[in-house]
Amino acid sequence: MRRRTTCEDRDLQQRPSRTADSPQEPGPEGPEDMKPFRRLGLLARMRRVMMLLLVVYISIPFIVKLCPSIQAKLVFLNFMSMQYFLDLKRPLDQGLNHTHNLYLEPEAGLRIGVWHTVPALMWRAAEGKQGDWYESTFSSSHPVILYLHGNAGTRGGDHRVQLYKVLSSFGYHVVTFDYRGWGDSDGSPSEDGMTSDALFVYDWLKQRLDDKTPLYIWGHSLGTGVATNLVRRLCDRGSPPDALILESPFTNIREEARSHPFSMVYRYLPGFDWFFLDAITANNIRFASDENVNHISCPVLILHAEDDSVVPFHLGKKLYSEASRSQSLSGHKVQFVSFSSALAYKHKFIYRSPELPNILSDFFTRQQTDDPT
C-alpha cells in the first residue's frame, strides 16, 4: 500500500540535516563580541571630555588676565545670593521683630539699605514702631555695634541674622547695611566705595549717639578688610572707635586669594600671581589689613576658628602677629581668640559659641581699664 506524502513530509525530506561537521551559518554578534567596540567608544568619549576640560583649564587664566573685571566679581560675589525671594524691607520675615529697615544716601543719587536691631530687651516696645522710635533708642546707654558683612549674599544672610540675634541678646544695638552693589543698595562694588559707605554710616551713628555710648566696629571675612580700612581712616583723623572686632580675618587680599579653596587647582601653576593676583590688583583691590594695623590706635579683638577653610586660620594668626608688633597699637589691648576644630564653627558659625558673651565682655572691660588715656 502506497503511503501518501504530505507537504510536511516533503519539507522534512528537503531540509538537510545538520551535523557537527557542517559549517555554521553566520549569525548576529553577541554581547561578548561587542565589548571591545564599546570599550573603544567609551575611551574615545573620555578622551574628548578630558581634552575639553584641559582647554577650559588652560583658557580660564588667559580670560581672567584679559578681562580683570571677572576677578573683581569673584572677589566681591555681590551678585550671588541664596535667598532670592527675601524682602529686605521686611526683616520681620527673618525673625527680627525688633529691627527697622531704612535707607541712607552716602552720595547724591546713591541709596544703601540699612538695618537697625535694638537690644533684645526692647523687643516688646519695638512692636509696631517706626523709624523715629528706633532712632530715639540710640539715646540709651546700650553699646552699638556697626557690623560689616563679607562678600556674597546680603545683610539678610542667615548666619548674619543669627549673629544679630546673639549680639542683641547680649544688650547691643546692631547696625548693619549692604554696601553699594549688594542687596537692594544702588551702585557697583569697589573697595573704595565699600569703605566710603562704612565711613558714612559710622558718622551717621556718631551724630545720634551720646559721647559716652561705646561704638564698636565688627567685620567678618571680607568685611574685616573694610573694617581695617575704616578704622585706619578714623584713627588718621583722630577719632578712633572704642574697639575693633575682626572675625575670620586675613592679612591682605592677595594672600587670601592664594589660600582660598577656589585657587587650589591653579595655585601651583607657573605664573599664578601674574594671571590671577595681578588681576585683583589691577582692579585697585587690596584690603591690606596687615598694613592698616600699623595705623590703628584702638583695642583689637580677633576671632578665628581653626577649621576655617575659606579664610585659613594661619592668616588670622599672622594678622595678630602683625598687630601685636604695631607701634600704633602700643598700650592698647590686642587679643586673639581661637576656636577648636572640634567645635566645627568653620568660617561663619562662631556666633554659636556659648563663650562669646564672656569673651566680648571680658575684652571690653579690660580695654576700658587698660585705656592709656
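Definitions and cut-offs
- Residues numbered from 1 in each chain as written.
- Predicted model: local features only at pLDDT ≥ 70, side-chain atom pairs only at ≥ 80, totals over all residues.
- Heavy atoms only, no water.
- Helix = DSSP H or I, 4+ residues; strand = E, 2+ residues; numbered from the N terminus.
- Buried < 20%, exposed > 50% of the residue type's maximum accessible area, 1.4 Å probe, protein only.
- Areas by Shrake-Rupley, 256 points an atom, 1.4 Å probe, with all protein chains shown as cover.
- Disulfide = S-S within 2.5 Å.
- Salt bridge = Lys/Arg side-chain N within 4 Å of Asp/Glu carboxyl O.
- Pairing = 2+ DSSP bridges.
- Right-handed = clockwise from strand over helix to strand, strands pointing away.
- Patch = residues over 30% accessible without salt bridge, like charges linked within 9 Å, V, L, I, M, F, W, Y side chains within 5 Å.
- Polar contact = N/O pair within 3.5 Å; in protein donor to acceptor, adjacent residues only side chain to side chain.
- Contact = heavy atoms within 4.5 Å.
- Axes fitted to C-alpha atoms, helices over the stretch in contact; angles between N-to-C directions.

1. Considerations on the overall build of the chain
At step 1: Check the secondary structure of the chain and you find 13 helices and eight strands.
At step 2: Looking at the chain as a whole, 46% of its 373 residues qualify as buried.
At step 3: Entry remark: accessible area of the chain is about 20,000 Å², with carbon and sulfur atoms responsible for 55%.

2. Remarks on the state of the cysteines
Formally, a disulfide is one covalent bond, and it connects the sulfur atom of one cysteine to the sulfur atom of another.
At step 1: Under the defined criterion, the tally for this structure stands at zero disulfides.
At step 2: Free of any disulfide, Cys235 has its nearest neighbouring cysteine sulfur in Cys298, separated by 5.1 Å.
At step 3: On the accessibility criterion, Cys298 (1% relative accessible area) is buried.

3. So, the pattern of salt bridges
At step 1: For the structure shown, the criterion picks out twelve salt bridges.
At step 2: We note a salt bridge from Arg208 to Glu135, for which the minimum N-O separation is 3.1 Å. Residue Arg208 is located in the loop between helix H7 (191-206) and strand E5 (215-220), and its partner Glu135 is located in helix H5 (residues 131-136); the two are separated by 73 residues in the primary sequence.
At step 3: For Glu135, a relative accessible area of 35% gives the class partly exposed.
At step 4: The partner of Arg155 in a salt bridge is Asp184, and the shortest N-O contact between them spans 2.8 Å. With Arg155 in the loop between strand E3 (144-148) and helix H6 (158-169) and Asp184 in the loop between strand E4 (173-177) and H7, this pair connects stretches of sequence that are 29 residues apart.

4. Re the pairing of strand E7 (residues 300-305)
At step 1: Of all six residues in E7, six are buried; the element is thus mostly enclosed.
At step 2: Going residue by residue along E7, you find Val300, Ile302 and His304 tucked away on one face and Leu301, Leu303 and Ala305 tucked away on the opposite face as well.
At step 3: Here strand E6 (residues 243-247) runs beside E7; their pairing, made up of four bridges, is parallel. Each bridged residue has a counterpart across the sheet, and for Ile245 the counterpart in E7 is Leu301.
At step 4: Across six bridges, the pairing between E7 and strand E8 (residues 334-339) is parallel. Bridge assignment links Ala305 to a residue of E8, and that residue is Phe339.
At step 5: What joins E7 to E8 is helix H12 (residues 313-325), and the crossover it makes is right-handed.

5. Focus on a nonpolar patch on the surface
At step 1: A cluster of nonpolar residues, Leu42, Leu43 and Met46, forms a patch on the protein surface that exposes about 280 Å² of accessible area.
At step 2: On the basis of relative accessible area, Leu42 is assigned to the partly exposed category, the value being 44%.

6. Brief notes about the environment of Gly156
At step 1: As for its position among the elements, Gly156 is in the loop between E3 and H6.
At step 2: The sequence separation of Gly156 and Asp178 amounts to 22 residues, and the corresponding C-alpha distance is 9.1 Å.

7. Observations concerning the side chain of Thr117
At step 1: Along the chain, the position of Thr117 falls in strand E2 (residues 110-117).
At step 2: We classify Thr117 as buried; its relative accessible area is 1%.
At step 3: Only 2.7 Å separates the side chain of Thr117 from the side chain of Thr99, close enough to count as a polar contact.
At step 4: With residues near it in sequence (within four places) discarded, Thr117 still touches His98, Thr99, Ser168, Tyr172, His173 and Val174.

8. Regarding the sheet that holds E6
At step 1: Strands sit in the order E1-E2-E4-E3-E5-E6-E7-E8 across an open sheet of eight strands; the sheet is mixed. Whereas interior strands pair on both sides, the edge strands pair on one side only; in this sheet they are strand E1 (99-107) and E8. The mean angle between the axes of side-by-side strands here comes to 20°, regardless of whether they run parallel or antiparallel.
At step 2: For E3 and E4, the ladder comprises four bridges, and the chain directions are parallel. Of the residues in E4, the one forming a bridge with Ile145 is Val174.
At step 3: Contacting E1, E2, E3, E4 and E5, H7 crosses the sheet at an angle of about 115° to E1.
At step 4: Running over the sheet, H12 touches E6, E7 and E8 and is turned about 165° from E8.

9. Structural notes on the environment of Asn78
At step 1: Of note, Asn78 is situated in the loop between helix H3 (69-76) and E1.
At step 2: Taking the C-alpha atoms as reference points, Asn78 and Asn151, separated by 73 residues in sequence, lie 6.3 Å from one another.
At step 3: Among the polar contacts made by the side chain of Asn78, one reaches the main-chain carbonyl oxygen of Gly181 at a distance of 2.9 Å.

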